[in-house]
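# A structural walkthrough
Take a look at the letters that make up each chain.
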Amino acid sequence: MKNSGIQTPTTPKIIPRAAHNVSRDEISKSALKVLYRLHKAGYQAFLVGGCVRDAMLELHPKDFDVATNATPEEVRALFGNCRLIGRRFRLAHVRFGREVIEVATFRAAANHKDDDHAHDDEGRIVRDNVYGSIEEDVQRRDFTCNALYYNIADFSIWDYVGGVRDVERKRLVLIGDPDMRMREDPVRMLRAVRFAAKLGFTIDAAAEKAMAKDVPLLANVPSARLFDEFLKLFQSGFAEKTFELLREYGLFAQMFPVTDRALDEDPSFLRFVEAALQNTDRRFQADKSVTPMFLLGVFLWKPTCELAVIRRSEEKMSESQSLSLASYELGAEQQRRIAIPRRFTVPMREMLALQPRFSQTRGKRAIKLLEHRRFRAAYDFMLLLADVGQFDKEKADFWTRVQNESAEQRAASFQISAQPKSQRRRRGRRRAKPAPSP
Ligand code: ATP
Ligand code: MG
């Protein structure tokens, strides 16, 4: 295996405090405590990665990563509130109430010419567990804007790879040979899109070129890692833009092949998906909860409806049953790509299977829907369908209205006539009677 084509200068460009805009006011008190204590104990201590980038862009970073030349054991010796995590590569987590500061020892990239076992046949990194110097730590990072080090010793920024310039130019530039870096870790293609959507950066032409070629390598990424990345892509407030870019680069087709085909075939499905993504972003901005099961249900909706029709033609079953069966089959297929935990696939199926019940607005079975544990999600889903003209608007309004009605008003709305007690009892008794034996 060749090395990654990185020629990192051994001396960084040092931007003094007076010449950059990363203010300590933008750094959490806990992160500062960790940095100061490491520094006082004689170690190098830097903030690194997204927090430095976001602070430069005045985006108020919330996660702070620290890089140091202290080993994890040395870090633990300095902090009572510290836990070492990770078996393959040990990291120190220093806890302050709910906030966790991650402290990583400088690490070398697994790109040594003499270490063939660190990569698989397609060049993907499968091992990177050697401590290193700060110069080596720079090399294993993905984009230049993510490789800026904020030095607590004098509040300067150390820039080995032109990251400051690229932040200013709003460009995502891979460190080293783009093709090799994408092959090493194909998730970097998803990260490129995520940062482009979140930061409004342009993906550098060389990185784009590598992506055009390396998109199929996403298939080699473990499904559990893709689930983690799926959450970051779609639950960080930029889902709509991210989706657009994922489609543009052919990455969405790798992650959700069945959905991607359905989107190509049916513009009305695309409108529905886009409305759901906008809705997700709005919820994020308003600090409302977002659950991955909702979007997964949205992504699988059209294929589920189509497969349900087929299943219903093969065997006698209700529309709800066929939707449940179809979403089970498609969910299982999707899980081979992205390891969606069962705690999300089960409610997703329920949410989809409930959809036909919004068409019924009369009688006891209809009113019972309001009590269903998945009513809220299913109702939100139905509203979205109605918003894009794919469900009856009057019925949608009906379900909105009845939620605020009293019991009597509801009975009237659902046209449930109060039956005389005697009649009800008689029916009950009749059913309770054991069936005559043959
Ligand atoms: P954000 O927290 O906004 O998602 P981030 O840049 O902090 O962005 P993290 O996933 O928190 O992203 O990673 C922290 C840093 O670790 C990155 O800035 C980058 O330097 C490095 N890094 C993370 N993932 C990779 C990767 N797949 N390849 C190379 N470097 C990576
Ligand atoms: Mg981060």
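Below, the structure is looked at part by part.

The rules behind these values
- Residues numbered from 1 in each chain as written.
- Chains lettered and ligands numbered in written order.
- Predicted model: local features only at pLDDT ≥ 70, side-chain atom pairs only at ≥ 80, totals over all residues.
- Heavy atoms only, no water.
- Helix = DSSP H or I, 4+ residues; strand = E, 2+ residues; numbered from the N terminus.
- Buried < 20%, exposed > 50% of the residue type's maximum accessible area, 1.4 Å probe, protein only.
- Salt bridge = Lys/Arg side-chain N within 4 Å of Asp/Glu carboxyl O.
- Near = heavy atom within 4 Å.
- Polar contact = N/O pair within 3.5 Å; in protein donor to acceptor, adjacent residues only side chain to side chain.
- Areas by Shrake-Rupley, 256 points an atom, 1.4 Å probe, with all protein chains shown as cover.
- Nonpolar A, V, L, I, M, F, W, Y, C, P; charged D, E, K, R; others polar.
- Domains from an automatic or database assignment.
- Pairing = 2+ DSSP bridges.
- Contact = heavy atoms within 4.5 Å.
- Expected span 1.5 Å × (residues − 1).
- Bend = angle between axes of the 7 residues up to and from the residue.
- Axes fitted to C-alpha atoms, helices over the stretch in contact; angles between N-to-C directions.
- Parallel < 35°, antiparallel > 145°, perpendicular 65-115°, else oblique.
- Phe/Tyr/Trp six-rings, centres within 6.5 Å; stacked < 30°, edge-to-face > 60°.
- Lys NZ or Arg CZ within 6 Å of the ring centre and 35° of its normal.
- Core = buried A, V, L, I, M, F, W, Y, C linked by side-chain atoms within 4.5 Å.

### Remarks on the side chain of Glu184
Tracing the sequence through the fold places Glu184 in helix H6 (residues 178-184). Glu184 gets classed as buried once you look at its relative accessible area, which sits at 5%.

### Quick notes on the pattern of salt bridges
On inspection of all chains with the given rule, the structure shows 28 salt bridges. Each of Asp179, Arg183, Lys213 and Asp214 takes part in a single network of salt bridges with overlapping partners.

### Notes on the site of ligand 1
Surveying the vicinity of ligand 1 reveals 16 residues, the closest of which are Arg141, Asp185, Arg188, Arg191 and Arg194. Arg194 has a polar side-chain atom sitting 2.7 Å from an oxygen atom of ligand 1. Lys198 is positioned with one of its side-chain polar atoms (N or O) 3.0 Å from an oxygen atom of ligand 1. Protein contact buries 79% of the 580 Å² of open area that ligand 1 shows by itself. Secondary structure elements with two or more residues in the shell around ligand 1: helix H2 (50-56), helix H7 (187-199) and helix H9 (223-234). Here the element with the most residues in the shell around ligand 1 is H7; it accounts for five residues. For the shell around ligand 1, a count of residues per class yields one nonpolar, three polar and 12 charged. Residue contributions to the shell around ligand 1 reach at least three from each of two domains, namely domain 1 (9-169) and domain 2 (176-221).

### Brief notes about the pairing of strand E2 (residues 45-48)
Of the two faces of E2, the one carrying Ala45 and Leu47 and the one carrying Phe46 and Val48 are both buried. With four bridges joining them, E2 and strand E3 (residues 65-68) adopt antiparallel strand pairing. Bridge assignment links Ala45 to a residue of E3, and that residue is Thr68. Bridge analysis of E2 against strand E9 (residues 148-151) gives three bridges, and the strand direction is antiparallel. Considered in E9, the bridge of Leu47 is made with Tyr150.

### Remarks on the environment of Glu26
When you line up the elements, Glu26 lands in the loop between strand E1 (13-15) and helix H1 (29-40). A C-alpha to C-alpha distance of 47 Å links Glu26 and Lys393, two positions 367 residues apart in sequence. Look past the residues within four positions of Glu26 in its chain and what remains in contact with it is Ala55, His60, Pro61 and Phe64.

### Some words on helix H14 (residues 292-314)
Look at H14: 31 Å from first C-alpha to last across 23 residues, which is about the 33 Å you get at 1.5 Å a residue. Of all the bends in H14, the largest measures some 50° and sits at Trp301, one to four residues before the proline Pro303. Sitting at the amino-terminal end of H14 is Thr291, which places a side-chain oxygen 3.0 Å from the backbone nitrogen of Met293.

### Focus: the packing of H9 against H14
It is at 11 Å that the axes of H9 and H14 come closest, and there the two elements cross at 90°. The orientation of H9 with respect to H14, classified from their angle, is roughly perpendicular. On H14, the residues that touch Phe227, Phe230, Leu231 and Phe234 of H9 are Pro292, Leu295, Leu296 and Phe299. Among the residues making up the contact of H9 with H14, the classes are represented as eight nonpolar, no polar and no charged.

### A look at the packing of aromatic side chains
Applying the stated rule across the entire model yields 25 aromatic pairs. Plain terms: the ring middles of Phe89 and Tyr131 are 5.6 Å apart, the flat faces sit at 70° to each other, and that makes the pair edge-to-face. A residue pair is termed long-range when its members are at least 10 positions apart, and Phe89 in the loop between strand E4 (82-85) and strand E5 (91-96) and Tyr131 in strand E8 (residues 130-131) qualify at 42 residues. In this structure an aromatic cluster arises from ring pairing among Phe227, Phe230, Phe234, Phe243, Phe252, Phe256, Phe299 and Phe344. Above the plane of the ring of Phe155 lies Arg24, whose end atom (NZ or CZ) is 3.6 Å from the centre.

### A word on the environment of Pro267
Within the fold, Pro267 resides in helix H13 (residues 267-285). Classification of Pro267 by relative accessible area gives exposed; the value is 56%. Here the alpha-carbon distance between Pro267 and Gln139, two residues 128 residues apart in the chain, equals 43 Å.

### Comments concerning the nonpolar core
Counting 117 residues, the largest nonpolar core has Leu47, Phe234, Leu251 and Trp399 as its most contacted members. Top element by residues in this core is H14. It accounts for 10 residues. If sequence neighbours within four positions are ignored, Leu47 has contacts with Ile27, Ala31, Leu35, Val52, Phe64, Asp65, Val66, Leu148, Tyr149 and Tyr150. Phe46, Phe106, Val138 and Trp158 belong to the second largest nonpolar core, which has 12 residues in total.

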